[in-house]
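# Analysis of the macromolecular model
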Amino acid sequence: MSAKRLLRLFPLPCAETGLNNIYLEEFGWHRSDPDKPVVAANFVTSLDGRIAVTSPTDPGMGLPDSLTSREDFRLFLELHAQADCLVTHGEYLRKLEDGKLGNILRLPDEPEFSDLYAWRRERGLAPCPDIVIASSSMVFPLPSSVKKGSTEQKFYVATGKATDQALHDPWHRRGLEVLQAGSSFAVEGGPLVAELARRGYRNIYLVAGPKMLHTMIRDRQLDKLYISVSHQLLGGMDFKTMLDGEPLKPCRLRLNSLLLDKSSDNGFGQFFTSFECTYDE
Ligand SMILES: NC(=O)c1ccc[n+]([C@@H]2O[C@H](COP(=O)([O-])OP(=O)(O)OC[C@H]3O[C@@H](n4cnc5c(N)ncnc54)[C@H](OP(=O)(O)O)[C@@H]3O)[C@@H](O)[C@H]2O)c1
């Protein structure tokens, strides 16, 4: 993977560039802003906008294998490595417990990714970011694969103020702080980022789905959006796109980088794009 080359199409001039470190350094999102944390998200999509589909063999909604690639995973981890806090959600932990998804709340303990741990160490970051689990139901497990890192990773639950206090108690008993970040049952972006800023977090990475992305854009909290666009069409009637929720006031995306991978290890080409998010007054 270290020798993998990409073509940088933007910013101009076009040039060949290496894959490794491109999101860690040149087009990274890590910033230490004393005023407001930076919030970043990453998605991989087909050219017809599918981020998840059902299939004849698996009626559950999921990321199709054809969208995954080693190249995209490496860049996903480079973005992950820059975070002091990850925001995930209850459904992810339910799927992790059921063995439907792997643990992406920690960087992999593999020699191939040791440079990411070194990068964090050099910047005074803990080996793994702390974790926020957004949930309205507040009913989800903490699987053992997640708890493995719990001595060095702090966990929070984030929810709306209207949720039943009785649902908070089990989490308090387990030593997790419950962040009340929203006036109803759902988490809202502004209060969540404010709670995290108060606790000193500066680089917040969404490892969540279309509902949390919608929440963060609706509430004008998302700063950086990374989208990998795989050169394939998936079709189908049941699918998810990046956003799930009511119509939004358009969020303006200013192109920051556009990279071409002519052929990823999955056999498809792909664009790696990154954007700055701006919001009209
Ligand atoms: N291709 C990609 O890059 C990509 C990325 C992410 C996800 N996906 C796929 O997309 C599909 C749907 O995504 P998903 O299941 O990850 O996420 P989702 O449908 O957006 O949200 C799932 C859960 O997150 C919690 N949640 C979301 N927003 C919340 C809010 N504002 N306040 C409180 N809780 C909130 C809720 O948990 P509770 O039920 O506990 O209340 C909700 O059930 C999945 O198949 C997934 O694999 C693809």
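Please refer to the structure higher up on the page.
If you're wondering where the values come from, they're calculated on a predicted model, not measured in any experiment.

## Side note on the overall build of the protein chain
Helices and strands together make up the secondary structure of the protein chain, namely eight helices and 13 strands. A globule of 281 residues ought to have a C-alpha radius of gyration of about 19 Å, and the protein chain, at 18 Å, matches this closely. With the C-alpha coordinates aligned to their principal axes, the bounding extent of the protein chain is approximately 55 × 45 × 45 Å. Burial status across the protein chain gives 50% buried among its 281 residues. In the protein chain, of all internal contacts separated by at least 6 residues, the share reaching a separation of at least 24 is 71%. Put simply, the protein chain shows about 13300 Å² of open surface, and 54% of that area lies on carbon and sulfur atoms. Computing the positive centroid from 33 side-chain charges and the negative centroid from 37, the protein chain places the two 2 Å apart.

## Digging into the sheet that holds strand β10 (residues 224-230)
What the eleven strands build is an open sheet, ordered β2-β1-β12-β13-β10-β3-β9-β5-β6-β7-β8; its pairing is mixed. Only two strands of the sheet have a single neighbouring strand rather than two, namely β2 (15-18) and β8 (177-180). Each adjacent strand pair in this sheet contributes to an overall mean axis angle of 25°, direction not counted. Examined bridge by bridge, β10 and strand β13 (residues 270-278) share seven bridges and lie antiparallel to one another. Residue pairing in the sheet places S228 in a bridge with F272 of β13. Running over the sheet, helix α6 (residues 165-173) touches β7 (155-159) and β8 and is turned about 145° from β8.

## Focus: the site of the ligand
In the vicinity of the ligand there are 24 residues, among which R94, S135, S136, V187 and K211 approach most closely. V44 has a polar backbone atom sitting 2.8 Å from a nitrogen atom of the ligand. Interatomic distance of 3.2 Å between a backbone N/O atom of P210 and an oxygen atom of the ligand. Calculation on the ligand without its partners gives an accessible area of 890 Å², and the protein chains cover 85% of this total. Counting atoms within 2 Å of the grid points, the majority share of the ligand lands in the largest pocket. Those elements that provide at least two residues to the shell around the ligand are β3 (38-46), α3 (90-97) and α8 (210-218). Here the shell around the ligand is composed, by residue class, of twelve nonpolar, eight polar and four charged.

## Examining α3
Looking only at α3, the buried set comprises G90, Y92, L93 and L96. The arc enclosing the buried residues of α3, seen along the axis, measures out at 160°, which places them on a common side.

## Examining the pairing of β7
Burial analysis of β7 places five of its five residues in the buried class, which makes it a mostly covered element. Residues F155, V157 and T159 point to one face of β7 and Y156 and A158 to the other, with burial holding for every one of them. The sheet contact formed by strand β6 (residues 130-134) and β7 spans four bridges and is parallel. Within β7, the residue paired with V132 across the bridge is Y156. Tracing the backbone out of β7, into α6 and back to the parallel element β8 gives a crossover that is right-handed.

Thresholds, definitions, all that
Residues numbered from 1 in each chain as written. Predicted model: local features only at pLDDT ≥ 70, side-chain atom pairs only at ≥ 80, totals over all residues. Heavy atoms only, no water. Helix = DSSP H or I, 4+ residues; strand = E, 2+ residues; numbered from the N terminus. Rg over C-alpha atoms; globule rule 2.2 N^0.38 Å. Buried < 20%, exposed > 50% of the residue type's maximum accessible area, 1.4 Å probe, protein only. Contact = heavy atoms within 4.5 Å. Areas by Shrake-Rupley, 256 points an atom, 1.4 Å probe, with all protein chains shown as cover. Lys, Arg positive; Asp, Glu negative; His and termini not counted. Charge placed at Lys NZ, Arg CZ, Asp CG, Glu CD. Pairing = 2+ DSSP bridges. Axes fitted to C-alpha atoms, helices over the stretch in contact; angles between N-to-C directions. Near = heavy atom within 4 Å. Polar contact = N/O pair within 3.5 Å; in protein donor to acceptor, adjacent residues only side chain to side chain. 1 Å grid on protein atoms, 1.4 Å probe; cavity = no way out; pocket = protein on both sides within 12 Å on 5 of 7 lines; lining within 4 Å. Sits in = over half its atoms within 2 Å of the grid points. Nonpolar A, V, L, I, M, F, W, Y, C, P; charged D, E, K, R; others polar. Arc of directions from axis to C-beta. Right-handed = clockwise from strand over helix to strand, strands pointing away.

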